[in-house]
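# Chains, contacts and geometry: an overview
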Amino acid sequence: MFQILSTYFKIIQYQICYYFLGIFAVLDDLKNRDKNKFEIINKQGKVAVITGGARGIGLEVVKKLVQCEMHIVIGCRNVKAGQKTIQQHISSDASIEIYELDLKSFTSVKSFAEKVLSNHDQIHILVNNGKLIIELFYLKHRGSITPEEGSRSVAYACISPKLEGCGGYYANCQSAKYLPYADDEETQKKLYDTSMVMIKHFLKVNE
């Protein structure tokens, strides 16, 4: 009983944290919205892989990478639905492949990776896009922000020459502050170790 209550308490704590982060994101957008823009740069011959690229912010990122004339590989759960969406929203002359990918299945992730690597010698851009609780808050409660606007910083990080070889956190197409413990090596190791404990069973099953 105590363990159940403890688990629910942690969930509530995380929810509160997500809402606070969402509020800060809204304030940041209101302050820096005029800076949320970037220049489209030709990247012909480059290959980009994006998960969840057939809807929402992911689809908007794909639209921008298409403008850069890149070849794009999309991973999504329903290939037929993804193909239909791409046909409706993307020019027919765009260079796009769509493969099945369910991020909840390590078997699916492995199969997707094998297909991509078998068809391409090099991947220049990888966008690990997926739905998060904070993203849901971000889009639901801010009202005036669209998926297209939300995609700009992602696309900016993908193609801006200024960011070649650089890391960091970006919002509204500019470098943004983040919590200092994100750079703490001990915290990073704890996160890595915890993640490995959570997935090691699935890695063994799918070896």
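Please refer to the structure higher up on the page.
Attention here is on the structure that accompanies the text. (Residues numbered from 1 in each chain as written. Predicted model: local features only at pLDDT ≥ 70, side-chain atom pairs only at ≥ 80, totals over all residues. Heavy atoms only, no water.)

### Considering the pattern of salt bridges
With the rule as written, the count across this model stands at 6 salt bridges. Here Lys43 makes a salt bridge to Glu164, at a shortest N to O gap of 3.8 Å. Note that Lys43 is positioned in the loop between helix 1 (2-32) and strand 1 (47-51) and Glu164 in the loop between helix 6 (147-159) and strand 5 (170-171), a separation of 121 residues in sequence. Assessed through its relative accessible area of 16%, Lys43 is described here as buried. We classify Glu164 as exposed; its relative accessible area is 54%. Across the salt bridge formed by Lys63 and Glu60, the nearest N and O atoms sit 3.2 Å from each other. Of this pair, Lys63 and Glu60 both sit in helix 2 (residues 56-67), separated by 3 residues, roughly a single helical turn. (Salt bridge = Lys/Arg side-chain N within 4 Å of Asp/Glu carboxyl O. Helix = DSSP H or I, 4+ residues; strand = E, 2+ residues; numbered from the N terminus. Buried < 20%, exposed > 50% of the residue type's maximum accessible area, 1.4 Å probe, protein only.)

### Observations regarding a nonpolar patch on the surface
On the surface, Ile23, Phe24, Leu27 and Leu30 cluster together into a nonpolar patch covering about 430 Å² of accessible area. Topologically, Leu30 is positioned in helix 1. Under the relative-accessibility criterion, Leu30 is labelled exposed at 62%. (Patch = residues over 30% accessible without salt bridge, like charges linked within 9 Å, V, L, I, M, F, W, Y side chains within 5 Å. Areas by Shrake-Rupley, 256 points an atom, 1.4 Å probe, with all protein chains shown as cover.)

### Some words on helix 3 (residues 79-89)
Note that an α-helix has 3.6 residues per turn; residues three or four places apart therefore point the same way. Looking at helix 3, one finds that the buried residues are Gly82, Thr85 and Ile86. Along the long axis of helix 3, the arc covered by the buried residues comes to 100°, so they all point the same way. Exposed residues pointing more than 90 degrees away from the buried face of helix 3 are listed as Lys80, Lys84, Gln87 and Gln88. Where the residues of helix 3 are buried, they touch helix 2, strand 2 (71-76) and strand 3 (96-100). Looking at where helix 3 begins, the residue whose side-chain oxygen comes 3.2 Å from the main-chain nitrogen of Lys80 is Asn78. (Arc of directions from axis to C-beta. Contact = heavy atoms within 4.5 Å. Polar contact = N/O pair within 3.5 Å; in protein donor to acceptor, adjacent residues only side chain to side chain.)

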